[in-house]
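# Per-entry structural report
So the chains spell out like this:
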Amino acid sequence: YAISSAQDLANLSYLVNNGTLYAGKYFKMTDNIVLNDGTFDAVGTFTPTIGGTAVRTWTPIGIFKQPDPDFGVIDPRSFRGSFDGDGYIISGLYINNALNYQGLFGEVESGLVTDLGVENSYIKSNNSVGGITAVVRQDAIISGCHYTGYIIANSQAGGIAGALYGGAVSNC
């Protein structure tokens, strides 16, 4: 599947968050993507470029669900495919809420994210916050990625991943 626009990314987020896990499927970026055209400061104030619009909030691709001690994992909706950034950049990612597990991806489980940059972005949330993904789980791999911008969290925060529960982050 080719990913070439903000709408393509938003569609992927919607589909994964509604149960399409894409295990074994391959996504490749074909262009840089601008989610918000402007800049953020340290407190999240957005300054649009000339002619820019108001800030748009991002919904992470994949939802991390904590295991429930009584019922096991309930309703896991993580990204399980391969996402190749192909060296392209996603810029202007904006999240500002009190939720857990926030990032471009909410959870990558048994999947792969490679060669992707997220730049000029602002993520402020509660717990497990990452620029690329909030959570890396099982044998997921995040490789060759970078993040520039602000990450603000109460705990478990990182430019690439907020939390690792297996898997690996390399060359980032």
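In what follows, the structure referred to is the one given above.
Just so it is clear, the model here is predicted, and its values are computed rather than measured.

### Observations concerning the environment of Tyr 88
Examined against the element boundaries, Tyr 88 turns out to sit in the loop between strand S6 (82-84) and strand S7 (89-91). With 29 residues separating them along the chain, Tyr 88 and Gly 117 place their C-alpha atoms 6.4 Å apart. Contacts of Tyr 88, omitting those with residues within four sequence positions, involve Met 29, Thr 30, Asp 31, Asn 32, Asp 115, Leu 116 and Gly 117. A polar side-chain atom of Tyr 88 sits 3.4 Å from the main-chain carbonyl oxygen of Thr 30.

### Some points on the sheet that holds strand S13 (residues 133-137)
A sheet is described by the order of its strands in space; here three strands give the open sequence S9-S13-S17, paired in parallel fashion. A single partner strand is all that each edge strand has here, and the edge strands are strand S9 (105-109) and strand S17 (161-165). In this sheet, adjacent strand axes meet at a mean angle of 15 degrees when their direction is disregarded. For S13 and S17, the ladder comprises four bridges, and the chain directions are parallel. Note that in S17 the partner of Arg 137 across the bridge is Tyr 165.

### What to know about the environment of Val 129
The residue Val 129 is located in strand S12 (residues 127-130) in this model. Residue Val 129 is classed as buried on the basis of its relative accessible area, which comes to 0%. Separated by 29 residues in the primary sequence, Val 129 and Asn 100 have C-alpha atoms spaced 7.1 Å apart. Those residues within four positions of Val 129 in sequence are excluded, and the remaining contacts are Gln 102, Ile 123, Ile 151, Ala 153, Gln 156, Ala 157, Gly 158, Ala 161 and Gly 162.

### Remarks on the packing of aromatic side chains
Taken as a whole and assessed by the stated rule, the structure comprises 11 aromatic pairs. Ring geometry for Tyr 22 versus Phe 27: centroids 5.0 Å apart, planes at 90 degrees, classification edge-to-face. A residue is classified by how much of its surface remains accessible, and Tyr 22, at 14% relative accessible area, is buried. Using a relative accessible area of 3% as the deciding quantity, one classes Phe 27 as buried. Considering the side-chain rings of Phe 40 and Tyr 94, the 5.2 Å spacing of their centres and the 10 degrees angle between planes classify their relative orientation as stacked.

### Quick word on the pattern of salt bridges
Taken as a whole and assessed by the stated rule, the structure comprises three salt bridges. Its salt-bridge partner being Arg 80, residue Glu 109 comes within 3.3 Å of it at the nearest N-O pair. Residue Glu 109 is located in strand S9, and its partner Arg 80 is located in the loop between strand S5 (46-48) and S6; the two are separated by 29 residues in the primary sequence. Taking the relative accessible area as the measure of exposure, Glu 109 reaches 9% and is therefore buried.

Rules behind the numbers
- Residues numbered from 1 in each chain as written.
- Predicted model: local features only at pLDDT ≥ 70, side-chain atom pairs only at ≥ 80, totals over all residues.
- Heavy atoms only, no water.
- Helix = DSSP H or I, 4+ residues; strand = E, 2+ residues; numbered from the N terminus.
- Contact = heavy atoms within 4.5 Å.
- Polar contact = N/O pair within 3.5 Å; in protein donor to acceptor, adjacent residues only side chain to side chain.
- Pairing = 2+ DSSP bridges.
- Axes fitted to C-alpha atoms, helices over the stretch in contact; angles between N-to-C directions.
- Buried < 20%, exposed > 50% of the residue type's maximum accessible area, 1.4 Å probe, protein only.
- Phe/Tyr/Trp six-rings, centres within 6.5 Å; stacked < 30°, edge-to-face > 60°.
- Salt bridge = Lys/Arg side-chain N within 4 Å of Asp/Glu carboxyl O.

Nothing here speaks to function; it is geometry throughout.
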